[in-house]
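Here are the chains, one letter per residue:
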Amino acid sequence: MYPQLDEVHNLVRKTARDFVERKVEPNARRIDQGWYPRELLREMGELGLLAPHAPPEYGGPGLDFRSLVLVVEEVARSSPALATVAEVQGSMVVHNLMHYAGRELRERWLQPAVRGEKIIAFALSEPCCGSDAFSLETKAERVGGSWVINGTKLWITSGMYADAFLVAARTGSPKEKHKTVTLFLVERGKCVETNPVTVMGVRGTGTAEVKLHGCEVGDEAIVGGLNGGFKVVLDDLNNGRTCVGAIGLGIAQGAIKEAEAYARRRTAFGTAIINFQVLQHYVASIKAQIEAVRGVVYTAAYYRDKNVEFFPLYAQIAKYLGSRLAVDATRIAMQIMGGFGYSTDSKVEMLYRDAKATEIYEGANEVVLNALFKLAEKYEA
Ligand SMILES: Cc1cc2nc3c(=O)[nH]c(=O)nc-3n(C[C@H](O)[C@H](O)[C@H](O)COP(=O)(O)OP(=O)(O)OC[C@H]3O[C@@H](n4cnc5c(N)ncnc54)[C@H](O)[C@@H]3O)c2cc1C
C-alpha cells in the first residue's frame, strides 16, 4: 500500500502490532500513572523492536530506519510514553553509538542498549536553554588526563532511570556556541543527581532534572569527537523529528479508533451517534490526514535509509505535521466522545495530554518551522 515500504516492513509492523496488543495496551494506563516501562523496553529489545536498524554484531536484526519508524508508530497507538522512551533510545542513542562512538564505548554499551538491557538518556536541554540549545552552560574541563563535567540538564526523558547519559557539554569558549560543544557518555554514579519533573502527558517516561557534580570521564567517553557535538545533535534531531512524526501518527490512529468505536456504541436521539453525518466527517477528515502524514513520515524514513539529501527537509515536515495531527485528532476524538472522552476512563483523555508534548519536544514547532523555512527555500521544486 505504501511505495516506501516492502514485505519486510509489513512483517515488522505485524510483529510490533502483536507485541503492542499483548503487552503495551494492557499496561498503557499503568505507564501513564508513572510506571517506567523498563520490562517492556527489555522485551522490545529481545524482539529486535527497540533498535531494528542495529546490525547483528550489536544484537539487532540489521533492518533499517523505516522499521524503527513503523515500530514507534505502532507503539504510540497505545502508549506514546513508551514510544517516546523507545524512540530516544533507538533513533538517537543507538544511532549515535553506532556512528560516532569509539570502539571501547561501542563494545561496552551498544549491545545492551540495542537489547534494552541498558537505557541511555539523551541530555541536551538545560534550564537556561532548550530551543537555544547551543548556549548550554554545562562545562567539561580538562583536569589531568580526564574531563570533569559540571552542570544541570532539564526535561530529560528516562532521566530518573537511565544507566547512563549522553551529555552535551561546553569544551571551549561559550562565545563559539555550537563549535565548542562535545558529547560525553556519562555513567550513572555518585556524581549524578536526578530529580523527577512532573509533566502533563507522556507520564511514566521518567522525565528528570539531571545534575552533574564533577563527573570524571576519559577521552574514550567522547562521542563524535572533541567539539563535534553539533554535527551529531543535528543528525539526531533529524532522526528524532521523523520519529516524533511517527508518534503523532500513532496517537492520531489510537484516538480516532477509540472515538469511532464509541460513536458506533453510543446512542442519542434514537440512533447511534455515528449516524450524524458531522461525526462521520470528523472521522473521515482525520483518516485522510493520517494517510497524508504517513506519506511524509515514510518518505522521510526512506530518504534517511537511502541517504537522500532531502531527508532533513522531510524530517522537519514529518515532525511538524505529525505533531499537529496528533493534537487535532485527539481534540476531535474527545469531542466525538463527549463527557466520556473527557473522563480518565477513556484512553483519549491520556492521548490528548500526550499529544501536546509532540509539539514541544525534539524542538518546539516554531523552531522546526525556522529550519523548514530555510530547507524549503533551498529545495523548492
Ligand atoms: C516531555 C518532554 C521530554 C523531553 N525530553 C528531552 C530529552 O530527553 N532530552 C533533552 O535534551 N531535552 C528534552 N526535552 C526538552 C525539549 O527539547 C525542550 O523543551 C524544547 O526544545 C523547547 O525548549 P524550552 O522548553 O527551553 O523552551 P524555550 O526555548 O524557552 O522556548 C519556549 C517557546 O518559545 C518559542 N521559541 C523559542 N525559540 C524560538 C525561535 N527561535 N523562533 C520562534 N519561536 C521560538 C517556542 O514557541 C517555544 O515553545 C523534553 C521536553 C519535554 C516537554
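Novice: Tell me what's going on with the overall build of the chain, and back it up with residues and numbers.
Specialist: Check the secondary structure of the chain and you find 11 helices and 10 strands. For 381 residues, the compact-globule estimate of 2.2 N^0.38 gives 21 Å, and the C-alpha radius of gyration of the chain, at 21 Å, lies within 12% of that figure. Dimensions of the chain, computed from the C-alpha atoms along their principal axes, are close to 80 × 45 × 40 Å. Out of the 381 residues in the chain, the part that is buried amounts to 59%.

Novice: So what's going on with the nonpolar core? Residues and values would help.
Specialist: Leu-41, Met-44, Val-69, Leu-82, Val-297 and Ile-336 are the most contacted members of the largest nonpolar core, which has 74 residues in total. The dominant element in this core, judged by the number of residues it contributes, is helix α7 (residues 229-265), at 12 residues. When residues of this core are sorted by domain, at least three fall in each of domain 1 (7-119) and domain 3 (230-379). When sequence neighbours within four positions are dropped, the list of residues in contact with Val-69 reads Thr-242, Cys-243, Ala-246, Val-297, Tyr-298 and Ala-301. Ala-51, Ala-54, Val-88 and Ala-164 belong to the second-largest nonpolar core, a separate cluster that totals 32 residues.

Novice: Got a sec to walk through the layout of surface pockets? Specific residues and values, please.
Specialist: Its boundaries defined by the atoms lining it, the largest pocket holds a volume of some 1,500 Å³. Lining the largest pocket are 49 residues; nearest its centre among them are Leu-237, Ile-360, Tyr-361, Glu-362 and Gly-363. Contributing elements (two or more residues each) for the lining of the largest pocket: α5 (80-100), β3 (146-156), α7, α8 (277-305), α9 (311-342), α10 (347-358) and α11 (365-379). Considering each element in turn, the lining of the largest pocket owes the most residues, seven residues, to α7. Of the residues belonging to the lining of the largest pocket, the class tally is 27 nonpolar, 13 polar and nine charged.

Novice: Go over the pattern of salt bridges with me, naming the residues and quoting the values.
Specialist: Where side chains of opposite charge bring their charged atoms close, a pairing between them can arise. Taken as a whole and assessed by the stated rule, the structure comprises 26 salt bridges. Glu-74 is paired through a salt bridge with Arg-17; the nearest N and O atoms lie 2.8 Å apart. Pair noted here: Glu-74 is in helix α4 (residues 65-78) and Arg-17 is in helix α1 (residues 7-24), with a separation of 57 residues, a long-range link. The exposure class of Glu-74 is buried, given its relative accessible area of 1%. In this structure Arg-17 comes out as partly exposed when scored by relative accessible area, which is 30%. Here Arg-304 and Asp-235 are joined by a salt bridge, their closest N and O atoms 2.9 Å apart. One end of the pair, Arg-304, is in helix α8; the other, Asp-235, is in helix α7, with 69 residues separating them in the sequence. Exposure remark for Arg-304: the relative accessible area of 18% places this residue in the buried category. Each member of the salt-bridge network shares a partner with another, and the members are Arg-13, Arg-17, Glu-73, Glu-74, Arg-77, Glu-291 and Arg-294.

Novice: Go over unusual backbone geometry, please, and point to the residues and values.
Specialist: Positive phi, close to 70 degrees, is recorded for Ser-158, a residue that is not glycine. Following the sequence through the fold, Ser-158 ends up in the loop between β3 and β4 (164-170). By relative accessible area, which is 3% here, Ser-158 ends up buried. The backbone of Val-202 shows a phi angle near 35 degrees, a positive value even though the residue is not glycine. Judged by its relative accessible area of 9%, Val-202 is buried.

Novice: Tell me what's going on with a nonpolar patch on the surface, and back it up with residues and numbers.
Specialist: A grouping of Phe-269, Phe-276, Val-278 and Tyr-282 is seen on the molecular surface, where their side chains present a nonpolar patch of about 430 Å² in accessible area. Within the secondary structure, Tyr-282 sits in helix α8. A residue is classified by how much of its surface remains accessible, and Tyr-282, at 30% relative accessible area, is partly exposed.

Novice: Got a sec to walk through the domain arrangement of the chain? Specific residues and values, please.
Specialist: Domain annotation for the chain reports domain 1 (7-119), domain 2 (121-225) and domain 3 (230-379). The distance between the C-alpha centroids of domain 1 and domain 2 comes to 23 Å. Taken together, the contacts link 25 residues of domain 1 with 22 residues of domain 2. Here domain 1 packs against domain 2, burying approximately 1,900 Å² in sum over the two surfaces, 65% of which is carbon and sulfur.

Novice: Go over the site of the ligand with me, naming the residues and quoting the values.
Specialist: Taken together, the neighbourhood of the ligand is formed by 17 residues, with Phe-122, Ser-125, Ser-131, Trp-155 and Thr-157 sitting nearest. Within the side chain of Ser-131, a nitrogen or oxygen atom sits 2.7 Å from an oxygen atom of the ligand. When isolated, the ligand has an accessible area of 970 Å², and the protein chains bury 65% of it. According to the grid-proximity analysis, the pocket containing the ligand is the largest pocket. Contributions of two or more residues to the shell around the ligand are made by β3 and α11. Sort the elements by how many residues they give to the shell around the ligand and α11 lands first, with three residues. Partitioned by chemical class, the residues of the shell around the ligand number nine nonpolar, six polar and two charged. Both domain 2 (121-225) and domain 3 (230-379) contribute no fewer than three residues apiece to the shell around the ligand.

Novice: Any chance you could break down helix α3 (residues 38-46) for me, citing the residues and the numbers?
Specialist: All buried positions along α3 are accounted for by Arg-38, Leu-40, Leu-41, Met-44 and Gly-45. Buried residues along α3 cover an arc of 160 degrees about the axis, so they all sit on one side. Buried positions along α3 lie against α1, α2 (28-32), α4, α5 and α6 (103-114). The first or second residue beyond α3 is Gly-48, which carries a positive phi of 80 degrees.

Calculation criteria
- Residues numbered from 1 in each chain as written.
- Predicted model: local features only at pLDDT ≥ 70, side-chain atom pairs only at ≥ 80, totals over all residues.
- Heavy atoms only, no water.
- Helix = DSSP H or I, 4+ residues; strand = E, 2+ residues; numbered from the N terminus.
- Rg over C-alpha atoms; globule rule 2.2 N^0.38 Å.
- Buried < 20%, exposed > 50% of the residue type's maximum accessible area, 1.4 Å probe, protein only.
- Core = buried A, V, L, I, M, F, W, Y, C linked by side-chain atoms within 4.5 Å.
- Domains from an automatic or database assignment.
- Contact = heavy atoms within 4.5 Å.
- 1 Å grid on protein atoms, 1.4 Å probe; cavity = no way out; pocket = protein on both sides within 12 Å on 5 of 7 lines; lining within 4 Å.
- Points joined across faces, edges and corners; volume = space filled by probe spheres on them.
- Nonpolar A, V, L, I, M, F, W, Y, C, P; charged D, E, K, R; others polar.
- Salt bridge = Lys/Arg side-chain N within 4 Å of Asp/Glu carboxyl O.
- Patch = residues over 30% accessible without salt bridge, like charges linked within 9 Å, V, L, I, M, F, W, Y side chains within 5 Å.
- Areas by Shrake-Rupley, 256 points an atom, 1.4 Å probe, with all protein chains shown as cover.
- Buried area = accessible area lost by both parts, 1.4 Å probe.
- Near = heavy atom within 4 Å.
- Polar contact = N/O pair within 3.5 Å; in protein donor to acceptor, adjacent residues only side chain to side chain.
- Sits in = over half its atoms within 2 Å of the grid points.
- Arc of directions from axis to C-beta.

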